[in-house]
Amino acid sequence: MLPADGPDTLPAVVAALDRGRVVAVPTDTVYGLAARLDRPDGLAAVFAAKDRPPGLALLVLVGPWRQVHRVAADWPRSASSLAARFWPGALTVVVPVHPHLGPLLGGDRRTV
């Protein structure tokens, strides 16, 4: 376990994610579990660690705009308008999932 504010924390977290490991990340209210989207083993480990049923989808956090197109099959103009107004911030946008991610995220496999 690394201290949250230590100088080696970020490189260690990136290395763990690169290896398909699960990491804990702080959110506004609780700590969440995270894995890289391109590491199916890591996503499966999140489901296992949370004892989460596959019918309950994982959420996806995005940072820069370019990440949206890696996870969404379609990004409607209305989503852009909302994101422009409220990001960065607590905004949930549900859009069609990119086909390569649907099976990995659980849920209905159609939305993210």
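Keep in mind that what you see is a predicted model, and the values were worked out from it rather than measured.

Novice: Sorry, what's going on with helix 1 (residues 9-18) here?
Specialist: Think of an α-helix as turning once every 3.6 residues; residues three or four places apart then point the same way. Taken together, the buried positions of helix 1 are Thr9, Ala16 and Leu17. Taken end-on, helix 1 shows its buried residues confined to a sector of 95°, consistent with a single buried face. Close packing links the buried residues of helix 1 with strand 1 (23-26) and strand 2 (31-34). Where helix 1 terminates, the next one or two residues include Gly20, which has phi positive at roughly 85°.

Novice: Hey, could you run me through the confidence of the model for the protein chain in this one?
Specialist: Per-residue confidence for the protein chain gives a mean pLDDT of 88; residues scoring 70 or more make up 95%. Taken element by element, the protein chain is modelled with least confidence in helix 5 (residues 102-105), mean pLDDT 87, and with most confidence in helix 2 (residues 40-50), mean pLDDT 94.

Novice: It is not clear to me how unusual backbone geometry should be interpreted in this structure. Could you clarify?
Specialist: Cis geometry is found at the peptide bond from Trp87 to Pro88, where omega equals -5°. Note on placement: Pro88 falls in the loop between helix 4 (77-86) and helix 5. One non-glycine residue with positive phi stands out, namely Asp51, at about 50°. Along the chain, the position of Asp51 falls in the loop between helix 2 and helix 3 (68-71).

Novice: Can you help me understand helix 2 in this one?
Specialist: Every buried residue of helix 2 is listed here: Gly42, Leu43, Val46 and Phe47. What you see down the axis of helix 2 is that its buried residues fit within an arc of 145°, all on one side. Residues of helix 2 that are exposed and point more than 90 degrees away from the buried face comprise Ala48 and Ala49. The inward-facing, buried residues of helix 2 contact strand 2 and helix 5. Phi for Asp51, located one or two positions after helix 2, is positive at around 50°.

Novice: What am I meant to see in the pairing of strand 1 here?
Specialist: Side chains on a regular strand alternate between the two faces of the sheet. In this sheet, strand 2 lies alongside strand 1 in antiparallel orientation, the contact comprising 4 bridges. Counterpart to Pro26 in the pairing with strand 2 is Tyr31.

Novice: Even after reading the chapter, I still don't get the pattern of salt bridges, so can you show me in this structure?
Specialist: Pairing between side chains becomes possible if they bear opposite charge and their charged atoms approach one another. Under the defined criterion, the tally for this structure stands at 4 salt bridges. We note a salt bridge from Arg36 to Asp18, for which the minimum N-O separation is 2.3 Å. Highlighted residues: Arg36 in the loop between strand 2 and helix 2 and Asp18 in helix 1, separated in sequence by 18 residues.

Novice: Hey, could you run me through the environment of Val13 in this one?
Specialist: Positionally, Val13 belongs in helix 1. Considering only alpha carbons, one finds Val13 and Val25, 12 residues apart in sequence, at a separation of 9.7 Å.

Novice: How should I be thinking about the nonpolar core in this particular structure?
Specialist: Considering soluble globular proteins, one finds that nonpolar side chains tend to be buried as a cluster. Among the nonpolar cores identified, the biggest contains 16 residues, and Leu58, Trp75, Val95 and Leu105 are the most heavily contacted of them. Elements represented by at least two residues in this core include exactly helix 2, helix 3 and helix 4. Element by element, the count of residues in this core is highest for helix 2, at 3 residues. When neighbours within four sequence positions are excluded, Leu105 is seen to be in contact with Leu37, Leu43, Phe47, Leu56, Ala57, Leu58, Val60, Val97 and Val112.

What counts, and at which threshold
- Residues numbered from 1 in each chain as written.
- Predicted model: local features only at pLDDT ≥ 70, side-chain atom pairs only at ≥ 80, totals over all residues.
- Heavy atoms only, no water.
- Buried < 20%, exposed > 50% of the residue type's maximum accessible area, 1.4 Å probe, protein only.
- Helix = DSSP H or I, 4+ residues; strand = E, 2+ residues; numbered from the N terminus.
- Arc of directions from axis to C-beta.
- Contact = heavy atoms within 4.5 Å.
- pLDDT = per-residue confidence, 0-100.
- Pairing = 2+ DSSP bridges.
- Salt bridge = Lys/Arg side-chain N within 4 Å of Asp/Glu carboxyl O.
- Core = buried A, V, L, I, M, F, W, Y, C linked by side-chain atoms within 4.5 Å.

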